[in-house]
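Each chain, written out:
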Amino acid sequence: MPNIRRFSVSLEKDLSGQFDLLIKQKKCNSRSEAFRKLIKQELIQEEWLKGRETAGAIVLVYDHHKRELLNKIMHIQHDYSGVILSTQHVHLDHHNCLEVIIIKGKPREVQGLRDKLKIIRGIKCSSLAMASTGKEIP
Ligand code: NI
């Protein structure tokens, strides 16, 4: 196969056993595939740690009946319009809404946005999916 470099890896038996268990749990087809996934995950973490431009999504669940909650969410999102690419709002039931805020920008700004949103009273759940722009990941 072109553009493939082969190398051997030496691991302690215990660590190698743990690795094989992990491969089974993650349903990887081979050790090579597992290594590729681990390396890519590490590159994404580096992107976030080193402050490079990155991408991801913030997911919120909240009760839209809570007083002032929608105004606060909207106000904060306007303050961070530079990093927000898109927002999708879904009505889960009569009370609950799920909102996905797709972001691209510096990790510090993205985390600032997430921190401001998650402390709003009435937010039931907030999470940040740290993905990548993909530019530095082969
Ligand atoms: Ni809704």
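Per chain, the residues get numbers from 1 upward, laid out in the order the sequence is written. Totals for whole chains, interfaces and linings use all residues, but because this is a predicted model, local features are given only for residues with pLDDT of at least 70 and pairs of side-chain atoms are given and counted only at 80 or more. Side-chain metrics in this entry use all non-hydrogen atoms of the structure; hydrogen atoms and water are not considered.

Enquirer: Let's hear about the pattern of salt bridges: which residues, and what values?
Expert: In the sections that follow, a salt bridge refers to a side-chain nitrogen of Lys or Arg positioned within 4 Å of a carboxyl oxygen of Asp or Glu. Under the definition given, this model contains 7 salt bridges. Notably, a salt bridge pairs aspartate 20 with arginine 31, separated by 2.8 Å at the nearest N-O pair. Residue aspartate 20 is found in helix H1 (residues 13-25), and its partner arginine 31 is found in helix H2 (residues 31-49); the two are separated by 11 residues along the sequence. Accessibility here uses a 1.4 Å probe with only protein chains present; expressed as a share of the type maximum, an area under 20% marks a residue as buried, one over 50% as exposed, and anything in between as partly exposed. Take aspartate 20: its relative accessible area is 28%, and that puts it in the partly exposed class. For arginine 31, a relative accessible area of 49% gives the class partly exposed. Of the charged contacts in the structure, one is a salt bridge between glutamate 33 and lysine 37, with a shortest N-O distance of 3.5 Å. On the criterion of helical spacing, the pair formed by glutamate 33 and lysine 37 is a turn pair, its members being 4 residues apart in helix H2. Judged by relative accessible area, which is 45%, lysine 37 ranks as partly exposed. Within this structure, Arg114, Asp115 and Lys118 form a network of salt bridges that share partners. Helix numbers and strand numbers start at the N terminus; a helix is a DSSP run of H or I with at least 4 residues, a strand a run of E with at least 2.

Enquirer: Explain the coordination of the nickel ion to me, and be specific about the residues and the numbers.
Expert: For the nickel ion, the full set of protein donor atoms is His89 (NE2), His91 (ND1) and Cys97 (SG), and the range of their distances to it is 2.1 to 2.3 Å. Read from N- to C-terminus, the donor residues coordinating the nickel ion fall into the pattern H-x1-H-x5-C. Here histidine 89 falls in the partly exposed class, since its relative accessible area comes to 32%. A relative accessible area of 2% means that cysteine 97 is categorised as buried. For Na, K and Ca the donor cut-off is 3.2 Å, and for all other metals it is 2.8 Å, counting N, O and S atoms only; because water is absent from this set, sites may look incomplete.

In short, geometric facts, not functional conclusions.
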